[in-house]
Amino acid sequence: MPFSSAARASEENFDYLFKIILIGDSNVGKTCVVQHFRSGVYTETQNTIGVDFTVRSLEIDGKKVKMQVWDTAGQERFRTITQSYYRSAHAAIIAYDLTRRSTFESIPHWIHELEKYGAANLVVMLIGNKADLRDQRHVLFEDACTLAEKYGLLAVLETSAKESRNIDEVFMLMAKELIARNSPHLCGEATLSSLPLDSSPVLMAQDPTAETHCAC
Ligand SMILES: Nc1nc2c(ncn2[C@@H]2O[C@H](COP(=O)(O)OP(=O)(O)OP(=O)(O)O)[C@@H](O)[C@H]2O)c(=O)[nH]1
Ligand SMILES: [Mg+2]
(Lines give C-alpha, C1' and ligand atoms only; values in the text may rest on other atoms or scores of the structure.)
(Ligands and ions follow the chains in the order given, each with its own letter.)
Protein backbone atom coordinates (compact mmCIF):
# COMPACT_ATOMS: atom_id res chain seq x y z
CA MET A 1 0.00 0.00 0.00
CA PRO A 2 -0.23 3.39 0.52
CA PHE A 3 3.19 4.69 1.06
CA SER A 4 4.12 4.59 -2.59
CA SER A 5 3.54 7.83 -4.40
CA ALA A 6 0.90 9.08 -2.00
CA ALA A 7 3.42 9.46 0.78
CA ARG A 8 5.57 11.84 -1.18
CA ALA A 9 4.13 15.30 -1.16
CA SER A 10 6.82 17.76 -2.08
CA GLU A 11 4.29 20.19 -3.52
CA GLU A 12 3.23 20.90 0.05
CA ASN A 13 5.35 22.02 2.94
CA PHE A 14 7.04 18.68 3.50
CA ASP A 15 8.86 16.04 1.55
CA TYR A 16 7.24 13.01 3.14
CA LEU A 17 4.07 12.40 5.06
CA PHE A 18 3.81 9.20 7.04
CA LYS A 19 0.86 7.95 9.05
CA ILE A 20 1.79 5.87 12.06
CA ILE A 21 -0.71 4.00 14.19
CA LEU A 22 0.14 3.38 17.82
CA ILE A 23 -1.55 0.35 19.35
CA GLY A 24 -1.24 -1.88 22.38
CA ASP A 25 -3.03 -2.69 25.63
CA SER A 26 -4.51 0.01 27.79
CA ASN A 27 -2.18 1.81 30.23
CA VAL A 28 1.08 0.76 28.60
CA GLY A 29 1.86 4.46 28.12
CA LYS A 30 1.02 5.07 24.46
CA THR A 31 -0.37 8.54 25.06
CA CYS A 32 2.56 9.54 27.27
CA VAL A 33 4.96 8.42 24.54
CA VAL A 34 3.13 10.43 21.89
CA GLN A 35 2.84 13.50 24.10
CA HIS A 36 6.54 13.31 24.82
CA PHE A 37 7.27 13.01 21.12
CA ARG A 38 5.13 16.09 20.44
CA SER A 39 6.19 18.34 23.29
CA GLY A 40 9.29 16.81 24.87
CA VAL A 41 7.66 16.59 28.27
CA TYR A 42 6.05 13.87 30.35
CA THR A 43 2.53 14.56 31.53
CA GLU A 44 0.00 12.40 33.33
CA THR A 45 -2.82 11.36 31.02
CA GLN A 46 -6.35 10.02 30.98
CA ASN A 47 -7.22 6.84 29.13
CA THR A 48 -7.70 7.61 25.46
CA ILE A 49 -11.22 7.60 24.12
CA GLY A 50 -11.22 6.36 20.55
CA VAL A 51 -8.25 7.84 18.68
CA ASP A 52 -6.15 10.99 19.15
CA PHE A 53 -4.13 12.60 16.44
CA THR A 54 -0.70 14.21 16.77
CA VAL A 55 1.64 15.61 14.18
CA ARG A 56 5.31 16.57 14.32
CA SER A 57 7.80 17.24 11.57
CA LEU A 58 11.28 15.77 11.58
CA GLU A 59 14.26 16.86 9.54
CA ILE A 60 16.08 13.88 8.08
CA ASP A 61 18.95 14.25 5.63
CA GLY A 62 17.69 17.68 4.66
CA LYS A 63 14.15 16.44 4.05
CA LYS A 64 11.10 17.52 5.98
CA VAL A 65 9.22 14.47 7.17
CA LYS A 66 5.78 14.95 8.61
CA MET A 67 4.82 12.24 11.09
CA GLN A 68 1.10 11.88 11.74
CA VAL A 69 0.64 9.68 14.77
CA TRP A 70 -2.70 8.07 15.55
CA ASP A 71 -2.78 7.26 19.25
CA THR A 72 -5.45 4.63 19.77
CA ALA A 73 -7.34 3.57 22.87
CA GLY A 74 -6.22 0.22 24.21
CA GLN A 75 -9.51 -0.48 25.91
CA GLU A 76 -11.54 -3.23 24.30
CA ARG A 77 -14.71 -1.14 24.07
CA PHE A 78 -13.10 1.20 21.51
CA ARG A 79 -11.82 -1.58 19.26
CA THR A 80 -14.31 -1.01 16.44
CA ILE A 81 -13.34 2.66 16.20
CA THR A 82 -9.61 2.04 16.36
CA GLN A 83 -9.65 -0.74 13.77
CA SER A 84 -11.04 1.67 11.21
CA TYR A 85 -7.77 3.64 11.33
CA TYR A 86 -5.50 0.72 10.51
CA ARG A 87 -6.12 0.70 6.79
CA SER A 88 -4.59 4.08 6.00
CA ALA A 89 -1.48 3.66 8.16
CA HIS A 90 1.98 3.27 6.61
CA ALA A 91 3.41 1.87 9.80
CA ALA A 92 2.43 0.63 13.22
CA ILE A 93 4.07 0.80 16.61
CA ILE A 94 2.93 -1.82 19.10
CA ALA A 95 3.57 -0.78 22.68
CA TYR A 96 3.80 -2.99 25.74
CA ASP A 97 4.58 -2.22 29.36
CA LEU A 98 7.75 -4.07 30.32
CA THR A 99 6.52 -4.28 33.93
CA ARG A 100 3.32 -6.10 32.92
CA ARG A 101 3.88 -9.43 31.21
CA SER A 102 0.26 -9.66 30.02
CA THR A 103 0.76 -6.61 27.82
CA PHE A 104 3.70 -8.34 26.14
CA GLU A 105 1.70 -11.55 25.71
CA SER A 106 -0.96 -9.52 23.88
CA ILE A 107 1.42 -8.62 21.07
CA PRO A 108 0.51 -11.58 18.81
CA HIS A 109 -3.09 -10.44 19.13
CA TRP A 110 -2.15 -6.92 18.00
CA ILE A 111 -0.15 -8.31 15.09
CA HIS A 112 -3.16 -10.36 14.10
CA GLU A 113 -5.31 -7.22 14.20
CA LEU A 114 -2.84 -5.48 11.88
CA GLU A 115 -2.87 -8.43 9.49
CA LYS A 116 -6.63 -8.37 9.47
CA TYR A 117 -7.32 -4.64 9.20
CA GLY A 118 -4.05 -3.03 8.08
CA ALA A 119 -2.26 -2.71 4.77
CA ALA A 120 -0.27 -5.67 3.50
CA ASN A 121 3.23 -4.23 3.75
CA LEU A 122 2.88 -2.33 6.98
CA VAL A 123 6.14 -1.56 8.78
CA VAL A 124 5.79 -2.67 12.39
CA MET A 125 8.00 -2.08 15.39
CA LEU A 126 7.72 -2.84 19.10
CA ILE A 127 8.31 -0.55 22.03
CA GLY A 128 8.66 -1.74 25.60
CA ASN A 129 7.70 1.29 27.67
CA LYS A 130 8.30 2.18 31.36
CA ALA A 131 11.97 1.26 31.18
CA ASP A 132 12.52 3.58 34.15
CA LEU A 133 10.85 1.01 36.42
CA ARG A 134 13.98 -1.15 36.46
CA ASP A 135 13.21 -3.28 39.49
CA GLN A 136 9.70 -4.06 38.23
CA ARG A 137 10.72 -5.48 34.87
CA HIS A 138 8.77 -8.58 33.82
CA VAL A 139 9.77 -8.75 30.17
CA LEU A 140 13.35 -9.36 29.09
CA PHE A 141 14.63 -7.42 26.13
CA GLU A 142 15.84 -10.73 24.65
CA ASP A 143 12.28 -12.10 24.73
CA ALA A 144 11.05 -9.05 22.85
CA CYS A 145 13.81 -9.50 20.25
CA THR A 146 12.85 -13.14 19.80
CA LEU A 147 9.23 -12.19 19.27
CA ALA A 148 10.16 -9.42 16.84
CA GLU A 149 12.29 -11.82 14.85
CA LYS A 150 9.54 -14.43 14.78
CA TYR A 151 7.08 -11.96 13.28
CA GLY A 152 9.56 -10.12 11.06
CA LEU A 153 9.18 -6.78 12.81
CA LEU A 154 11.48 -3.85 12.15
CA ALA A 155 12.88 -3.35 15.63
CA VAL A 156 12.36 -3.34 19.37
CA LEU A 157 13.18 -0.32 21.48
CA GLU A 158 12.76 0.05 25.20
CA THR A 159 11.46 3.49 26.07
CA SER A 160 10.58 5.65 29.02
CA ALA A 161 8.27 8.59 28.52
CA LYS A 162 8.94 9.47 32.14
CA GLU A 163 12.72 9.57 31.82
CA SER A 164 12.82 10.74 28.20
CA ARG A 165 14.46 7.60 26.89
CA ASN A 166 14.41 6.61 23.24
CA ILE A 167 11.19 8.43 22.36
CA ASP A 168 12.50 10.50 19.46
CA GLU A 169 14.64 7.54 18.41
CA VAL A 170 11.51 5.43 17.87
CA PHE A 171 10.05 7.90 15.43
CA MET A 172 13.37 8.69 13.76
CA LEU A 173 13.98 5.01 13.18
CA MET A 174 10.52 4.55 11.77
CA ALA A 175 10.79 7.62 9.55
CA LYS A 176 14.15 6.52 8.15
CA GLU A 177 12.83 3.07 7.39
CA LEU A 178 9.77 4.49 5.65
CA ILE A 179 11.91 6.87 3.62
CA ALA A 180 14.20 4.00 2.62
CA ARG A 181 11.25 1.86 1.57
CA ASN A 182 9.69 4.76 -0.25
CA SER A 183 12.83 5.74 -2.16
CA PRO A 184 13.90 3.06 -4.63
CA HIS A 185 17.34 4.62 -5.04
CA LEU A 186 17.95 4.27 -1.32
CA CYS A 187 16.98 0.64 -1.03
CA GLY A 188 19.88 -1.41 0.19
CA GLU A 189 21.78 1.55 1.57
CA ALA A 190 22.52 1.57 5.26
CA THR A 191 20.40 4.63 5.91
CA LEU A 192 19.37 3.45 9.35
CA SER A 193 22.80 2.95 10.77
CA SER A 194 23.28 6.70 11.11
CA LEU A 195 20.72 6.93 13.86
CA PRO A 196 21.91 8.30 17.19
CA LEU A 197 21.36 4.93 18.79
CA ASP A 198 23.85 2.52 20.20
CA SER A 199 22.40 -0.11 17.96
CA SER A 200 23.66 -2.56 15.42
CA PRO A 201 22.40 -2.71 11.83
CA VAL A 202 20.00 -5.44 12.93
CA LEU A 203 17.92 -2.57 14.21
CA MET A 204 17.39 -3.69 17.72
CA ALA A 205 18.07 -1.25 20.53
CA GLN A 206 16.96 -0.72 24.09
CA ASP A 207 18.06 1.71 26.76
CA PRO A 208 21.00 3.50 25.11
CA THR A 209 23.00 3.25 28.32
CA ALA A 210 22.67 -0.51 28.43
CA GLU A 211 23.64 -3.46 26.26
CA THR A 212 21.73 -3.06 23.05
CA HIS A 213 22.58 -5.75 20.62
CA CYS A 214 20.13 -8.42 19.86
CA ALA A 215 21.38 -11.31 17.82
CA CYS A 216 18.38 -11.54 15.56
N1 LIG B 1 6.83 4.85 35.20
C2 LIG B 1 6.30 5.19 34.01
N3 LIG B 1 4.97 5.36 33.88
C4 LIG B 1 4.48 5.69 32.67
C5 LIG B 1 5.31 5.84 31.53
N6 LIG B 1 4.52 6.13 30.48
C7 LIG B 1 3.27 6.17 30.94
N8 LIG B 1 3.23 5.91 32.26
C9 LIG B 1 2.04 5.85 33.12
O10 LIG B 1 1.21 4.81 32.66
C11 LIG B 1 -0.16 5.17 32.78
C12 LIG B 1 -0.88 4.97 31.47
O13 LIG B 1 -0.36 5.87 30.51
P14 LIG B 1 -1.15 6.23 29.16
O15 LIG B 1 -0.21 6.94 28.27
O16 LIG B 1 -2.44 6.92 29.46
O17 LIG B 1 -1.49 4.77 28.62
P18 LIG B 1 -2.20 4.38 27.24
O19 LIG B 1 -1.46 3.20 26.70
O20 LIG B 1 -2.33 5.55 26.37
O21 LIG B 1 -3.63 3.88 27.72
P22 LIG B 1 -5.01 3.87 26.85
O23 LIG B 1 -5.23 5.26 26.34
O24 LIG B 1 -6.09 3.43 27.79
O25 LIG B 1 -4.81 2.87 25.75
C26 LIG B 1 -0.20 6.61 33.29
O27 LIG B 1 -0.39 6.59 34.69
C28 LIG B 1 1.18 7.12 32.98
O29 LIG B 1 1.60 8.12 33.84
C30 LIG B 1 6.72 5.66 31.70
O31 LIG B 1 7.54 5.76 30.78
N32 LIG B 1 7.15 5.32 32.96
MG1 LIG C 1 -3.91 6.59 25.64
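See the structure shown above.
Thresholds applied
Residues numbered from 1 in each chain as written. Chains lettered and ligands numbered in written order. Predicted model: local features only at pLDDT ≥ 70, side-chain atom pairs only at ≥ 80, totals over all residues. Heavy atoms only, no water. Near = heavy atom within 4 Å. Polar contact = N/O pair within 3.5 Å; in protein donor to acceptor, adjacent residues only side chain to side chain. Areas by Shrake-Rupley, 256 points an atom, 1.4 Å probe, with all protein chains shown as cover. Helix = DSSP H or I, 4+ residues; strand = E, 2+ residues; numbered from the N terminus. Donors = N, O, S within 2.8 Å, 3.2 Å for Na, K, Ca; no water. Buried < 20%, exposed > 50% of the residue type's maximum accessible area, 1.4 Å probe, protein only. Core = buried A, V, L, I, M, F, W, Y, C linked by side-chain atoms within 4.5 Å. Contact = heavy atoms within 4.5 Å.

Caption draft 1: Structural context of the site of ligand 1. The environment of ligand 1 is made up of 24 residues, and the closest members are Ser26, Lys30, Tyr42, Thr45 and Asn47. Asp132 has a polar side-chain atom sitting 2.8 Å from a nitrogen atom of ligand 1. Protein chains shield 91% of the accessible area of ligand 1, which is 650 Å² for the free molecule. In terms of residue count, helix α1 (residues 30-39) provides more of the shell around ligand 1 than any other element does, three residues in total.

Caption draft 2: Quick peek at the environment of Glu115. Tracing the sequence through the fold places Glu115 in helix α4 (residues 107-117). Measuring from C-alpha to C-alpha, the distance between Glu115 and Asp168 comes to 26 Å, with 53 residues separating the pair along the chain.

Caption draft 3: The coordination of the magnesium ion (ligand 2), seen in detail. Here the magnesium ion (ligand 2) is held by the protein donor atoms Thr31 (OG1) and Thr48 (OG1), which lie 2.0 Å from it. With a gap of 17 residues between them, Thr31 in helix α1 and Thr48 in the loop between α1 and β2 (51-60) connect regions that are remote in the sequence. Classification of Thr31 by relative accessible area gives buried; the value is 13%. In this structure Thr48 comes out as buried when scored by relative accessible area, which is 10%.

Caption draft 4: A look at the nonpolar core. Counting 33 residues, the largest nonpolar core has Met67, Ile93, Met125, Phe171 and Met174 as its most contacted members. Element by element, the count of residues in this core is highest for helix α6 (residues 167-182), at nine residues. Excluding anything up to four places from it in sequence, Met125 contacts Ala92, Ile93, Ile94, Leu154, Ala155, Leu157, Val170, Leu173 and Met174. Residues Trp70, Ile111, Leu122 and Cys145 belong to the second largest nonpolar core, which totals 28 residues.

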